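Below, each chain spelled out in residue letters.
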Amino acid sequence: MLEFRTNDLGRDYGSLLRLVKNHGDDVRPRGLLTKEVRPLVLELNDPIACIVDRPKFNKALMYMEVIQIMAGQFDWNLFNCISPSAANMLNHYGAYGPRTTDQLPGVVAELEKDPDSRRAVAYIARPTDLLYADDLQMPCTMEWVFHVRAGKLEMQTYMRSWDLVWGLSYDVPNNVAIQQMVADSLGLPLGTYTHVAASGHIYEKHFDMIDQVKMTDEDLVIGFGLPNFGLNRMMARSVLKAAKEASLGNTESLEGVANGSIWAPAAQLWLKKFSSA
């Protein structure tokens, strides 16, 4: 078991990877050598300090995953415009946005009704996922759990399997974005973010990459800050719609986002990707 707590994941990400590489067990699922710790518990005391810097990290892809999950939708063509290699590993079946879109309003309603509730859970995994694992990419995340404690919104993610290189750099910002969205809807600040993975691992092909990880102090500054979940989701869908239009050549709406919105950094990256596609 490995417990890793930090106030700044961007600063300490390399340390986490080195701990797993140096102390993990040799495990070979599907014949691929990995270094694995079981379980891995990662706790972020400042969740927005969650962006990491590693080779081949695609920030435009990170923001695209975030907005689609927040919008509760999945658009393969947009992913393909941003990163064809990532798009080849994604499909509607395993997409978290559609799986949670009808659950998150209930999470907010539950915590509005009873802030001390222990029932505010969004389930991502399904009992039948293993039946389709080979063909449709079995989701790695099992559930999101939310608690209001000490006047802040805490979030826990439970995961069966976690690639600490390709996966972590996108998964943590995705989940923190949902934590922020729920917190905004409740009018609360963020509490801790905790990620529990039954298997946290690094593939052999990424061993050499660990020494190339750089420290960064960039925060995930996103969201809409509206005290209503429906309005926050509507705004997310508006940004996603602008991205869809831009991918088809009509960039006016997304340029507006890029020039005067908290989503400006994401929109600017998407516009560059679309112009070069």
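Presented here is an overview of the structure given in this document. (Residues numbered from 1 in each chain as written. Predicted model: local features only at pLDDT ≥ 70, side-chain atom pairs only at ≥ 80, totals over all residues. Heavy atoms only, no water.)

Across its full length, the protein holds 11 helices and 10 strands. The C-alpha radius of gyration of the protein comes to 18 Å, within 12% of the 19 Å expected for a compact globule of 277 residues. When the 277 residues of the protein are sorted by exposure, 54% land in the buried category. Put simply, 71% of the contacts in the protein that link residues at least 6 apart link residues at least 24 apart. Surface summary for the protein: the accessible area is close to 12,900 Å², and the carbon and sulfur share equals 50%. Where the 27 positive side-chain charges of the protein centre and where its 33 negative ones centre are 2 Å apart. (Helix = DSSP H or I, 4+ residues; strand = E, 2+ residues; numbered from the N terminus. Rg over C-alpha atoms; globule rule 2.2 N^0.38 Å. Buried < 20%, exposed > 50% of the residue type's maximum accessible area, 1.4 Å probe, protein only. Contact = heavy atoms within 4.5 Å. Areas by Shrake-Rupley, 256 points an atom, 1.4 Å probe, with all protein chains shown as cover. Lys, Arg positive; Asp, Glu negative; His and termini not counted. Charge placed at Lys NZ, Arg CZ, Asp CG, Glu CD.)

What follows covers the sheet that holds strand β3 (residues 34–37). Strand order in the open sheet formed by 4 strands is β2-β3-β10-β8, with mixed pairing between adjacent strands. At either end of the open sheet lies a strand with only one pairing partner, and these are β2 (25–27) and β8 (162–163). Each of β2, β3 and β10 (200–203) touches helix α1 (residues 9–23); the most contacted strand, β10, lies at about 85 degrees to it. (Pairing = 2+ DSSP bridges. Axes fitted to C-alpha atoms, helices over the stretch in contact; angles between N-to-C directions.)

Take a nonpolar patch on the surface next. On the surface, L231, M234 and M235 cluster together to form a nonpolar patch covering roughly 270 Å² of accessible area. Tracing the backbone shows L231 in helix α9 (residues 229–247). (Patch = residues over 30% accessible without salt bridge, like charges linked within 9 Å, V, L, I, M, F, W, Y side chains within 5 Å. Salt bridge = Lys/Arg side-chain N within 4 Å of Asp/Glu carboxyl O.)

What follows deals with the pairing of strand β7 (residues 152–159). Remark: a regular strand shows side chains that alternate across the two faces of the sheet. Of the pairings in the sheet, the one linking strand β6 (residues 141–149) to β7 comprises 8 bridges and is antiparallel in character. The residue bridging E143 from the neighbouring strand is Y158, located in β7. Between β6 and β7, which pair antiparallel in sequence order, lie 2 residues; one of them, A150, sits at a positive phi of approximately 55 degrees. Of the pairings in the sheet, the one linking β7 to strand β9 (residues 190–197) comprises 6 bridges and is parallel in character. Pairing of M159 across the sheet is with A197, part of β9.

Turning next to the sheet that holds strand β4 (residues 40–44). Ordered by their spatial adjacency, 6 strands build an open sheet running β1-β4-β9-β7-β6-β5, and the pairing between neighbours is mixed. Each edge of the open sheet is held by one strand with a lone partner, namely β1 (2–6) and β5 (121–123). Averaged over all adjacent pairs, the angle separating strand axes in this sheet is 10 degrees, with direction ignored. Each of β5, β6 and β7 touches helix α6 (residues 104–113); the most contacted strand, β6, lies at about 25 degrees to it.

Tracing the chain through its elements places L168 in helix α8 (residues 168–186). Counting along the chain gives 141 residues from L168 to V27, while the straight-line C-alpha distance between them is 19 Å. Discounting residues that sit within four places of it in the chain, L168 has contacts with L9, Y13, L16, L42, V52, W162, D163 and P173.

In this section: the pattern of salt bridges. Counted under the stated rule, the structure contains 11 salt bridges. A salt bridge links D25 to R38; its shortest N-O distance comes to 3.0 Å. Residue D25 is located in strand β2, and its partner R38 is located in the loop between β3 and β4; the two are separated by 13 residues in the primary sequence. For R38, a relative accessible area of 43% puts it in the partly exposed group. When the shortest N-O distance is used, the salt bridge between E36 and R38 registers 2.9 Å. By relative accessible area, E36 is classed as buried at 11%. Overlapping salt bridges bring together E3, R5 and E43 as one network.

Once that is clear, we can look at the nonpolar core. Core analysis: the biggest nonpolar cluster contains 87 residues, and M70, W144, F146, L168, V172, W263 and W270 have the highest contact counts within it. Apart from the residues within four sequence positions on either side, V172 is in contact with L9, L42, L44, C50, W162 and Y193. (Core = buried A, V, L, I, M, F, W, Y, C linked by side-chain atoms within 4.5 Å.)

Examined against the element boundaries, Q68 turns out to sit in helix α2 (residues 59–71). A polar atom in the side chain of Q68 sits 2.6 Å from the backbone nitrogen of D75. Residues in contact with Q68, not counting those within four places in the same chain, are Q73, F74, D75, L78, F79, G97 and L240. (Polar contact = N/O pair within 3.5 Å; in protein donor to acceptor, adjacent residues only side chain to side chain.)

Okay, the environment of K21 next. Inspection of the secondary structure puts K21 in helix α1. Accessibility expressed as a relative area gives 27% for K21, which makes it partly exposed. Distance in space between the C-alpha atoms of K21 and K35 is 5.7 Å, their sequence separation being 14 residues. Excluding residues within four positions of it along the chain, K21 makes contact with K35, I202, F207 and I210.

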